[in-house]
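What the coordinates show
The lines below spell out each chain.
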Amino acid sequence: MKKIFLIILTLILSTNKSYALNFNENLIAYYNKNKGGTSMIYVLNRCSGVTGYLHSMLEQEPNQQQASKIYLNISSTMTSRASEAYSKHSKIDIN
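Residues numbered from 1 in each chain as written. Predicted model: local features only at pLDDT ≥ 70, side-chain atom pairs only at ≥ 80, totals over all residues. Heavy atoms only, no water.

1. Structural notes on the overall build of the protein
Stated precisely, the cut-off is as follows: Labels follow the DSSP assignment, with helices taken as runs of H or I lasting at least four residues and strands as runs of E lasting at least two, numbered in each case from the N terminus. Note on classification: 1.4 Å probe, protein chains only; a residue is buried when its accessible area is under 20% of the maximum for its type, exposed when over 50%, partly exposed between these limits. For this analysis, residues touch if any pair of their heavy atoms sits within 4.5 Å. For accessible areas, the Shrake-Rupley method is used with a probe of radius 1.4 Å. Any residue's cover is judged against the shown protein chains and nothing else.
Each helix and strand in the protein was counted, giving four helices and zero strands. The N-to-C order of helical and strand elements in the protein reads α-α-α-α. Residues counted as buried form 26% of the 95 residues belonging to the protein. Expressed as a percentage of contacts within the protein between residues at least 6 apart in sequence, the contacts between residues at least 24 apart total 42%. Counting only carbon and sulfur atoms, one obtains 60% of the accessible surface of the protein, whose full area is about 6,900 Å².

Following this line, the structure appears as structure tokens:
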């Protein structure tokens, strides 16, 4: 059952139909209309939030620790990239 859940979740995320409640546009359409640093920061932060949420949900499931770690690594990588982009955009030291 859990493997089916992971497969369905992966399919949902790969179709990129993630919508925020206050933002009724998918990420691809948003990024195609709004090229640039700030839109990339927004997209990375939003994807980081989704993968962080998946990490926290999978961490509570038995036998899903490896999948949980994968989502945690993806989330932290996107957060780091968003921080680097923000640092360059705002001309501030990342440290």
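2. Things to note about the side chain of S39
Assignment of secondary structure puts S39 in helix α3 (residues 37-59). Those residues in contact with S39 that sit more than four places away from it in its chain are Y30, Y31 and N34.

3. Digging into α3
Count 3.6 residues to each turn of an α-helix, and residues three or four apart come out pointing the same way. Short version of the rule: Working rule for helices: expected span equals 1.5 Å times residues minus one.
The first and last C-alpha atoms of α3 sit 32 Å apart over 23 residues, in line with the 33 Å expected at 1.5 Å per residue. Those residues of α3 that fall on the buried side of the exposure criterion are S39, I41, V43, L44, R46, S48, T51, L54, H55 and L58.

4. Section: the side chain of S68
Tracing the sequence through the fold places S68 in helix α4 (residues 65-90). Filtering out sequence-adjacent residues up to four positions away, S68 remains in contact with H55, L58 and E59.

5. Details of the environment of I70
As for its placement among the helices and strands, I70 is situated in helix α4. When the C-alpha positions of I70 and L54 are compared, they lie 10.0 Å apart, and in sequence the two are 16 residues distant.

6. Let's talk about unusual backbone geometry
If you check the backbone angles, N63 has positive phi at about 65° while not being a glycine. Relative to the assigned elements, N63 resides in the loop between α3 and α4. Residue N63 is classed as exposed on the basis of its relative accessible area, which comes to 76%. At K91, a residue that is not glycine, the phi angle is positive and equals roughly 55°. Take K91: its relative accessible area is 74%, and that puts it in the exposed class.

7. Examining the environment of H89
Structurally, H89 is set in helix α4. In this structure H89 touches T38 and I41, once residues within four positions along its chain are discounted.

8. Describing the confidence of the model for the protein
Where we set the bar: What pLDDT reports is the predictor's confidence in each residue, on a scale of 0 through 100.
On average, residues of the protein carry a pLDDT of 78, and 75% of them reach 70 or more. Looking over the protein, one finds the lowest element-wise mean pLDDT in helix α1 (residues 2-14), namely 55, and the highest in α4, namely 88.

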